[in-house]
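The lines below spell out each chain.
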Amino acid sequence: MVRKVSKETCSQESRHFSDERFKASKPNTVLTTMTPFETGVDESSGILLQNKEMEIATISLTMRAKQPKRGLVACENGYIEIYNFPRADKATITYTSDGHTEEIVCGESGLALNYEIRDMEEYVSNLNGQTNLQCIQDVMDVLTSVQESWKRHE
């Protein structure tokens, strides 16, 4: 089944999935390692996150591997595959109870920067997204912790 949705619906659904990660609390353990490229940026990296409720998430990135750019979100009742991860315009949800799938298609990857600019303008103009502010702060805390850890590789 393919379901085409508007950009607004897609944003709402991605916010819903985002809100579900570490729903109980933000990560209190952040472990990471990286392999630096000659310019100093991370050529490959791994991040392990855990919160006080013992929920764990792993992130593994590599910039030079000849692999598909695919994100995978493992959930309790299935998983979500996000294709062309940096500029995705479709995802497939697989329900493990019966194996059926649902494909979600929205937007155009070529317009991704336009969407980001529009969303930022909307946020600044109307202060939309205040409900996500804590999530944004939590993500920034994690990224700051990762950055501080990576300084050891300099």
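Residues numbered from 1 in each chain as written. Predicted model: local features only at pLDDT ≥ 70, side-chain atom pairs only at ≥ 80, totals over all residues. Heavy atoms only, no water.

### Concerning the pairing of strand β7 (residues 90–95)
Okay, step 1: Note that strand β6 (residues 78–83) and β7 share five bridges and pair antiparallel. Residue pairing for β7: Tyr-79 is matched across the bridge by Thr-94.
Okay, step 2: Examined bridge by bridge, β7 and strand β8 (residues 101–106) share five bridges and lie antiparallel to one another. Its bridge partner being in β8, Ala-91 is matched across the sheet by Ile-104. (Pairing = 2+ DSSP bridges. Helix = DSSP H or I, 4+ residues; strand = E, 2+ residues; numbered from the N terminus.)

### Some points on the environment of Ile-93
Okay, step 1: Here Ile-93 lies in strand β7.
Okay, step 2: For the pair Ile-93 and Gly-78, spaced 15 residues apart in the sequence, the C-alpha separation amounts to 7.2 Å.

### So, a nonpolar patch on the surface
Okay, step 1: Taken together, the side chains of Leu-133, Ile-136, Val-139, Met-140 and Leu-143 define a hydrophobic patch exposed on the protein surface, amounting to about 400 Å² of accessible area.
Okay, step 2: Mapping Leu-143 onto the fold places it in helix α3 (residues 133–150). (Patch = residues over 30% accessible without salt bridge, like charges linked within 9 Å, V, L, I, M, F, W, Y side chains within 5 Å. Areas by Shrake-Rupley, 256 points an atom, 1.4 Å probe, with all protein chains shown as cover. Salt bridge = Lys/Arg side-chain N within 4 Å of Asp/Glu carboxyl O.)

### Examining the pairing of β6
Okay, step 1: In the sheet, strand β5 (residues 70–74) pairs with β6 via five bridges, with the strands oriented antiparallel. Residue pairing for β6: Leu-72 is matched across the bridge by Glu-81.
Okay, step 2: Hairpin connection, β5 to β6: the antiparallel pair is bridged by three residues.

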